[in-house]
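Analysis of the macromolecular model
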Amino acid sequence: MGWNSWCTDSLCNLLGKDPCSETLVKETADSIVSNGLDKLGYNYVALDDCWSDTKRDENGHLQPEAKKFPNGMKAVADYVHSKGLYFGLYTSVGDETCKGKRPGSLGHFVDDANTLTSWGVDMIKMDHCGRKNGTDPELYGAMSKALNATGRPVLFSLCNWGEDNVWEWGSSLAQMYRIQMDHLPFWKYGTNSSSAGVGYGQGTYDIIEWMATLQPSKWTKEFGWMDPDFLMTEYLTMDFISSRTEYTFWSLWSSPLLISTDLRKISKKKMEIISNEEVIAINQDSSNTGGDRVHKGGDGGQVWARDLQNGEKCVVLYNSGNGGKGKKAVTVAVTWDMIGWTATSTGAENVVVEVRDLWNKKTLGQFTGGYNATIDARDVQMLRVKKV
Ligand code: GLA
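Residues numbered from 1 in each chain as written. Predicted model: local features only at pLDDT ≥ 70, side-chain atom pairs only at ≥ 80, totals over all residues.

What follows covers the site of the ligand. Around the ligand, the surrounding shell consists of Trp6, Asp48, Asp49, Cys98, Lys99, Asp127, Cys159, Trp161 and Asp182. Taken together, the residues of the shell around the ligand break down into 4 nonpolar, no polar and 5 charged. (Near = placed C-beta within 6 Å. Nonpolar A, V, L, I, M, F, W, Y, C, P; charged D, E, K, R; others polar.)

Here 6 strands make up an open sheet; going across it, the order is E9-E10-E11-E16-E13-E14 and the pairing antiparallel. Both edges of this open sheet fall to strand E9 (292–296) and strand E14 (362–368), since each of them pairs with a single strand only. Neighbour-to-neighbour, the strand axes of this sheet turn through a mean angle of 25°, independent of strand direction. Inspection of the sheet shows E9 paired to strand E10 (residues 301–307) by 4 bridges, in the antiparallel sense. Residue pairing for E10: His295 is matched across the bridge by Val303. (Pairing = 2+ DSSP bridges. Helix = DSSP H or I, 4+ residues; strand = E, 2+ residues; numbered from the N terminus. Axes fitted to C-alpha atoms, helices over the stretch in contact; angles between N-to-C directions.)

Running from N to C, helix H1 (residues 22–34) and helix H3 (residues 72–82) point in directions that differ by 5°, and their axes come no closer than 9 Å. The angle between H1 and H3 places the two elements in the roughly parallel class. Along its contact with H1, which presents Glu22, Val25, Lys26 and Ala29, the element H3 presents Val76, Tyr79 and Val80. Looking at the contact of H1 with H3, its residues break down into 5 nonpolar, no polar and 2 charged. (Parallel < 35°, antiparallel > 145°, perpendicular 65-115°, else oblique. Contact = placed C-beta atoms within 7 Å.)

With that settled, consider unusual backbone geometry. Backbone geometry at Cys50 places phi at a positive 95°, although glycine is not the residue there. Inspection of the secondary structure puts Cys50 in the loop between strand E2 (44–46) and H3. With a phi angle near 50°, Lys361 is a residue other than glycine that sits in the positive phi range. The residue Lys361 is located in the loop between strand E13 (352–357) and E14 in this model. You can call Lys361 exposed: it has 11 C-beta atoms within 10 Å. (Buried ≥ 20, exposed ≤ 12 C-beta atoms within 10 Å, placed from the backbone.)

To continue, consider the pairing of E10. In summary, the side chains of a regular strand alternate between the two faces of the sheet. Of all 7 residues in E10, 6 are buried, a share of seventy percent or more. Once E9 ends, the chain turns through 4 residues before running back antiparallel as E10, passing Gly300 with a positive phi of about 100°. Strand direction decides the pairing type here: E10 and strand E11 (residues 313–319), joined by 7 bridges, are antiparallel. Bridged to Trp304 within E11 is Val316. From the end of E10 to the start of E11, which pair antiparallel, there are 5 residues, and Gly311 there has a positive phi angle of about 95°.

Shown next, in the form of structure tokens:
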């Protein structure tokens, strides 16, 4: 859980700005602490692309762009650590990063692992731009080895845009791995050929559909989390409902909750989405599994579910609107046998379950056989359910 700079003030590069500076990091770390987000688990402050100079230093080491980081990167890491937070940086597996022809790590894995960890970096995202001279498992494997050799605990974030079926091998090399092309702050955006990487498109709706295909429970494990990319909470292009739905699914999948919007000007509404302890508890549940789709109706209604460590489950009733623009509400119904709760002798229709609505923090009562609710397009009801 934490924050990443990439989409903060630039709509994930759609506006072309470089969202990155010492001031931005410091002010973001301050706002995480002053808003109490650290207490909720938001502990990483990570810079994405654009922090480095376009040239390595005279000894071939990576160096920050001096104008943006006048005191060097160790000073920035020290500041973040002084707030009790972890610091993250970015590099690419190829010879260039994705933006501005900055140096990638190809041919420098050991040196870059040493340089970044010597500054006190706790998390390294390795992007896919400029990839050559090997397969992804070989190249990311070499960086993983180089990081281990430094002796510093580092969270390795593997970002190969979901290529080469990364879900099958990513968790053997990294703690989190991107499962698709970049997420952009829209509900539905693009197609599977619109950007580098796999998936059905770049919007929240598209990612949810893609995750349904991948079946998160098959791959998700502790220190092997599927990364559907940054959260676009409450942009102009992502209204409150879409943002809350995005946060719901990322939590259901135990995926990294990396907010990539400006936390310095956090609104009450944005805070409401990212600070619900009961929702965060699902994301952080020690079962470390991901929720799967267990029902898809022709009207756009879907039911998703996952196990929780204490034997309860999380159920999400979701109205996808089939990706459309409309606001048409539909009734979404879960039956207890859909989520594997079938009374052996008497049948699912006799199973009694207590249902709690997590976004509204309200226990709705006990329901026999199943439960249903009317859900607006793009919206969800996120439930914690317990057999009585
Ligand atoms: C790629 C990545 C993004 C971001 C940008 C930075 O597109 O997938 O997450 O890191 O590069 O340039």
